[in-house]
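Here's the letter readout for the chains.
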Amino acid sequence: MTSKQFSQAQRQRLRRSLLEWYGQQGRSLPWREEPTPYRIWISEVMLQQTQVKTVLPYFERWMQQFPDVQCLAQADLQTVLKAWEGLGYYARARNLHRSAQEICDRHHGKFPQTYDEVLALPGIGRSTAGAILSAAFGQAEPLLDGNVKRVLARLVALPVPPSKALAHLWDLSSQVLDPQNPRDFNQAIMDLGATCCTPKNPACLLCPWRDDCQAYQTHTQSDFPMTESRSPLPHKQIGVAVIWNDHQQILIDRRPEEGLLGGLWEFPGGKLEAGESYPDCIRREIQEELAIEVEVGEHLITVSHAYSHFKVSLHVYHCRHLSGEPQALESQEIRWVTLEELDEFPFPKANSKIIAALREAQGTKSP
DNA sequence: CACTCGTGGTC
DNA sequence: TGACCAAGAGT
């Protein structure tokens, strides 16, 4: 299985035309204007599976709150998660925090500059390592993100989905990379994918690579990259309890550190079993998770939410604490809080919809 | 290597 | 409007 080889002349043409395009069409971004290793690192991790537009406000707030690696290393994890709240893939925030501590402990607070050291940091894989080393230090390391995969798949009319040709795509990314200007080249090829060679309706007439693009030359750009096969997402039904005590406080719990939504807070509850009503489900789950008895009251809201690999509907009910001292049997920590105090804790998006509904109910009760 | 891990934009 | 998908990494 031999990979496609670009001729030296073609590589030079691709590099020259892309860099010229970048000079005219490249985006002005805060981490490009002031490309310190710390800012490049934070931006690259925030940009994993996340669009620039979404990242921008988080990036600015982050730099205000954690202006350098020492500051991040010394922050407490709950504060870091609160700053990340809403961005998703929360392991990224936990890994940034761990990496910051490693950089301070093992690298004297200075971001490492060798490929192996950067790759060894938690949350940095092959592509992010290439992005950081080229952008922060001008090193000629290739990268392979979603944009580059799409651009290259069209350039060579890749006859299989990208996931089936990762080695080939890495080789192509290395071949086209400009060893004279890897910093701008890598930024340029990502910009090309993000703003020109887009998933839908690519602007081929404005593309610097149209003369070399095998997909465009055969008018099949919309057929590439070939789609990945996917199985349908399962849909889970969850009973959720907003448990009130006699002091107008609500019981919340902090999820286990690893796994889905690790370290975030939530309202307790669990999966509906066959033949069970939601009140039955909630009483059972609350007994299993917290070892207390509750009375299930009126239905508050049902929230539907789609995650990467499944969908959920959260059926939320007001509950009243009857007996027993709550225990953190399946969580890290539990706490009684007022409606106002909920803002201090990082919650997943699906839970913030519940909080909004609670606030709305509160507002209508006492005008 | 296939699966887990979030959310918002887009059509 | 539901399905697809984005500056991927860890296991």
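Sequence order sets the numbering: in each chain, residues are counted from 1 along the sequence as written. Starting at A for chains and at 1 for ligands, labels are handed out in the order in which the entities are written. Reporting of local features is limited, given that this is a predicted model, to residues whose pLDDT is at least 70; pairs of side-chain atoms are given and counted only at 80 or more, and all residues count toward the totals for whole chains, interfaces and linings. In computing side-chain values, all of the structure's heavy atoms are included and hydrogens and water are not.

What follows is about the overall build of chain A. A run of H or I in DSSP counts as a helix once it spans at least four residues, and a run of E counts as a strand once it spans at least two, with each numbered from the N terminus. Each helix and strand in chain A was counted, giving 15 helices and seven strands. Expressed along its principal axes, the backbone C-alpha trace of chain A runs to roughly 80 × 50 × 45 Å. Accessibility here uses a 1.4 Å probe with only protein chains present; expressed as a share of the type maximum, an area under 20% marks a residue as buried, one over 50% as exposed, and anything in between as partly exposed. When the 367 residues of chain A are sorted by exposure, 50% land in the buried category. Taking contacts inside chain A between residues at least 6 apart in sequence as the whole, the part at least 24 apart equals 67%. Of the roughly 18400 Å² that chain A leaves accessible, carbon and sulfur atoms contribute 49%. We call two residues in contact whenever any of their non-hydrogen atoms come within 4.5 Å of each other. Only the protein chains shown count as cover for residues, and the accessible areas themselves come from Shrake-Rupley with a 1.4 Å probe.

Now for the protein's contact with DNA strand C. Taken together, 28 residues surround DNA strand C, and among them Leu47, Gln49, Gly123, Asp145 and Asn147 come closest. We call a residue near a molecule or strand when any one of its heavy atoms sits within 4 Å of it. Per the 4 Å cut-off to the protein, sugar and phosphate atoms form 68% of the nearby atoms of DNA strand C. Counting of polar contacts relies on pairs of N or O atoms within 3.5 Å, with two restrictions inside protein: one atom must be capable of donating a hydrogen and the other of accepting it, and residues adjacent in sequence are counted only when both atoms are side-chain atoms. Contacts to DNA strand C include threonine 128, whose side-chain N or O atom sits 2.7 Å from a phosphate oxygen. Mapped onto the surface near DNA strand C, the elements with two or more residues apiece are α2 (30-33), α9 (126-137), α10 (146-155) and α12 (182-195).

Checked against the element boundaries, proline 179 lands in the loop between α11 (166-176) and α12. Given the relative accessible area of 49%, proline 179 is considered partly exposed. In this structure proline 179 touches Arg15 and Ala140, once residues within four positions along its chain are discounted.

UniProt positions are given in the numbering used here, feature names are shortened, and annotations may be inferred rather than shown by experiment. The sites that UniProt annotates as "domain: Nudix hydrolase" (unreviewed entry) are residues 233-362. Across residues 233-362, the secondary structure splits into 21% helix and 40% strand, with the terminal C-alpha atoms separated by 35 Å.

Within the largest apolar cluster, 65 residues are counted, with the highest numbers of intra-cluster contacts made by Trp41, Ile42, Trp62, Leu72 and Phe267. Reported domain spans reflect what an automatic or database domain assignment gives. Structurally, this core is a two-domain feature, drawing no fewer than three residues from each of domain 1 (8-223) and domain 2 (235-365). In this view, tryptophan 41 contacts Val69, Leu72, Leu96, Ser99, Ala100, Ile103, Phe111, Ile124 and Ile132; residues no more than four positions away in its chain are not counted. Among the nonpolar cores identified, the runner-up in size contains 30 residues, and Leu152, Val176, Phe185 and Met190 belong to it. For the purposes of this section, nonpolar cores are sets of buried Ala, Val, Leu, Ile, Met, Phe, Trp, Tyr and Cys residues that join through side-chain atoms within 4.5 Å.

On to the layout of surface pockets. Size it by volume and the largest pocket reaches roughly 1400 Å³. The set of elements that each furnish at least two residues to the lining of the largest pocket consists of α2, α4 (52-65), α9, α10 and α12. Side-chain classes follow a simple rule in which Ala, Val, Leu, Ile, Met, Phe, Trp, Tyr, Cys and Pro form the nonpolar group, Asp, Glu, Lys and Arg form the charged group, and the remainder, Gly included, forms the polar group. Residues that form the lining of the largest pocket fall into these classes: 17 nonpolar, 18 polar and 13 charged. Using a grid of 1 Å spacing that covers the protein atoms alone, one calls a set of points a cavity when a 1.4 Å probe fits there but cannot get out, and a pocket when the set is open and has protein on both sides within 12 Å along at least five of seven lines; lining residues are those with an atom within 4 Å of a point. Grid points are joined across faces, edges and corners, and a volume is the space filled by probe spheres set on the points.

Bringing the protein's contact with DNA strand B into the picture now. Inspection of the region around DNA strand B gives 17 residues, with Tyr90, Leu261, Ala306, Ser308 and Lys349 positioned closest. If you look at DNA strand B and keep only atoms within 4 Å of the protein, 63% of those are sugar or phosphate atoms. Within the side chain of histidine 305, one N or O atom sits 3.0 Å away from a phosphate oxygen of DNA strand B. Residue lysine 349 places a main-chain N or O atom 2.9 Å away from a phosphate oxygen belonging to DNA strand B. Taken together, the residues of the surface near DNA strand B break down into eight nonpolar, eight polar and one charged.

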